[in-house]
Amino acid sequence: MSSRNKNSLIHFSNLNSTDIYSIFDTARQFSLVPQIDLIAKNKGRTAALVFFESSTRTRMSFESACARLGIYPMLFDIKSGSSLEKGESFEDTILNIAAMQPDLMVIRSGNNLDQLSIAADFEIPILSAGWGVKAHPTQALLDIYTLNEKWNGIVHGKKLLILGDVMHSRVAASHFELAKILNYEVAICGPHHFVDKAAQAAGVQVFSDLKSGLDWCDAVMALRVQNERHQDSFDMSHYSEHFGLNENTKKWIKPDCVIMHPGPINHGVEMDAVVISDSRSVILKQVTHGVYVRQALINQLLGGS
Ligand code: CP
């Protein structure tokens, strides 16, 4: 989070555990009761949702969260035709959207846009919807909201194994931060070239074989192998054999372990249908919870009770 804009969410530096559990409480209320009074209060408010990279879950759940709060979502989608095609820069695009005076701005971008500087430059709340390999704070929050619900409010001391392409994962980067605030343990597992640098940077435990990682954890989150960010192609079948969650490796997942994936899933690579549909899987619950958590965050950043 930018130190000059305390109403933004990029990293978690301005949030403590009380703030986060308060967001979770609000999200839980939003999951139970439609917010008729907030819809009336927010009438006329707008949120700019600026997506310079593709998205399904994050984009649509922010749209849904805005709609449920009575805030009009103004969507900028990189694929939908814009003056980027005429050579306008990302920075100028942001400046011009901000000049339309939305009440908040949500941004998904690559590493090349400095989301922290943008947050520092504007008074309105800036929420990261994913920033290159650096951060995906709302994904980490919705993951932990999901586990918090599953574990009846006790996340402290629990063990989350993040499995796979950690070096390209902004989700993992945000969990490394969030775990320090909420006191859950994170370890990583995967081939050396996916985990070694990340383990060094984050100072987390590494499991180089899947069975011991699954033996250790209370929840396992498989990550998408991000082919678009790899310099060299690699052998997917080898990856799937050693680190995929599938018919062969499912037997190592403990009976009460929670199975997660932030999506989108490479079927047959990091996870197979037999695991996705397992009763321990909360993958679609994560998506549902993403709406409530983003709704609660937006409400709080706009000063709602
Ligand atoms: N989890 C996630 O960020 O998915 P999208 O890329 O579809 O938004």
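Residues numbered from 1 in each chain as written. Predicted model: local features only at pLDDT ≥ 70, side-chain atom pairs only at ≥ 80, totals over all residues. Heavy atoms only, no water.

Colleague: What is the right way to look at the overall build of the protein chain in this model?
Modeller: Looking only at helices and strands, the protein chain has 12 helices and 9 strands in total. Whereas a compact globule of 305 residues would reach a radius of gyration of roughly 19 Å, the protein chain reaches 19 Å, a difference of no more than 12%. For the protein chain, the C-alpha atoms occupy an extent of roughly 55 × 45 × 35 Å along the three principal directions. Long-range contacts, defined as pairs at least 24 residues apart, comprise 72% of the intrachain contacts of the protein chain with a sequence gap of at least 6. Accessible surface computed for the protein chain: about 13500 Å², of which carbon and sulfur atoms make up 50%. Between the centroid of the 28 positive side chains of the protein chain and the centroid of its 32 negative side chains there is a distance of 5 Å. (Helix = DSSP H or I, 4+ residues; strand = E, 2+ residues; numbered from the N terminus. Rg over C-alpha atoms; globule rule 2.2 N^0.38 Å. Contact = heavy atoms within 4.5 Å. Areas by Shrake-Rupley, 256 points an atom, 1.4 Å probe, with all protein chains shown as cover. Lys, Arg positive; Asp, Glu negative; His and termini not counted. Charge placed at Lys NZ, Arg CZ, Asp CG, Glu CD.)

Colleague: Can you walk me through the site of the ligand in this structure?
Modeller: Near the ligand the following residues occur: S55, T56, R57, T58, R108, H136, Q139, P262 and G263. A distance of 2.9 Å separates an oxygen atom of the ligand from a polar atom in the side chain of H136. At 3.0 Å, a side-chain N or O of Q139 approaches a nitrogen atom of the ligand. Its free accessible area being 250 Å², the ligand has 91% of it covered by the protein chains. At a threshold of 2 Å from the grid points, most atoms of the ligand map onto the largest pocket. Along the lines of polarity and charge, the residues of the shell around the ligand split into 1 nonpolar, 6 polar and 2 charged. (Near = heavy atom within 4 Å. Polar contact = N/O pair within 3.5 Å; in protein donor to acceptor, adjacent residues only side chain to side chain. 1 Å grid on protein atoms, 1.4 Å probe; cavity = no way out; pocket = protein on both sides within 12 Å on 5 of 7 lines; lining within 4 Å. Sits in = over half its atoms within 2 Å of the grid points. Nonpolar A, V, L, I, M, F, W, Y, C, P; charged D, E, K, R; others polar.)

Colleague: Whenever I open this one, the packing of aromatic side chains confuses me. Can you help?
Modeller: Taken as a whole, this structure holds 7 aromatic pairs when the rule is applied. Both rings, one in F24 and one in Y145, keep their centres 5.5 Å apart while their planes meet at 75°; by these two values the pair is edge-to-face. On the criterion of sequence distance, the pair formed by F24 in helix α1 (residues 17-32) and Y145 in helix α6 (residues 137-150) is long-range, its members being 121 residues apart. Residue classification places F24 among the buried residues on the basis of a relative accessible area of 0%. Seen from their ring centres, F52 and F76 are 5.6 Å apart, and the 70° between their planes marks the pair as edge-to-face. (Phe/Tyr/Trp six-rings, centres within 6.5 Å; stacked < 30°, edge-to-face > 60°. Buried < 20%, exposed > 50% of the residue type's maximum accessible area, 1.4 Å probe, protein only.)

Colleague: Can you help me understand the sheet that holds strand β1 (residues 46-51) in this one?
Modeller: The strands making up a sheet are joined through hydrogen bonds of the backbone, oriented either antiparallel or parallel. Strand order in the open sheet made by the 4 strands is β2-β1-β3-β4, with parallel pairing throughout. At either end of the open sheet lies a strand with only one pairing partner, and these are β2 (72-77) and β4 (126-131). Each neighbouring strand pair of the sheet contributes to a mean axis angle of 15°, computed without reference to strand direction. With 6 bridges joining them, β1 and β2 adopt parallel strand pairing. (Pairing = 2+ DSSP bridges. Axes fitted to C-alpha atoms, helices over the stretch in contact; angles between N-to-C directions.)

Colleague: Where do I start with the layout of surface pockets in this structure?
Modeller: Summary: where empty space remains is shown by rolling a probe the size of a single water molecule over the atoms. Here the largest pocket defines a volume of roughly 420 Å³. Lining the largest pocket are 21 residues, and of these R108, R170, R224, G263 and P264 lie nearest its centre. When contributions to the lining of the largest pocket are tallied by element, the ones reaching two or more residues are α3 (57-69) and α7 (170-182). In the lining of the largest pocket, the residues fall into 4 nonpolar, 10 polar and 7 charged. (Points joined across faces, edges and corners; volume = space filled by probe spheres on them.)

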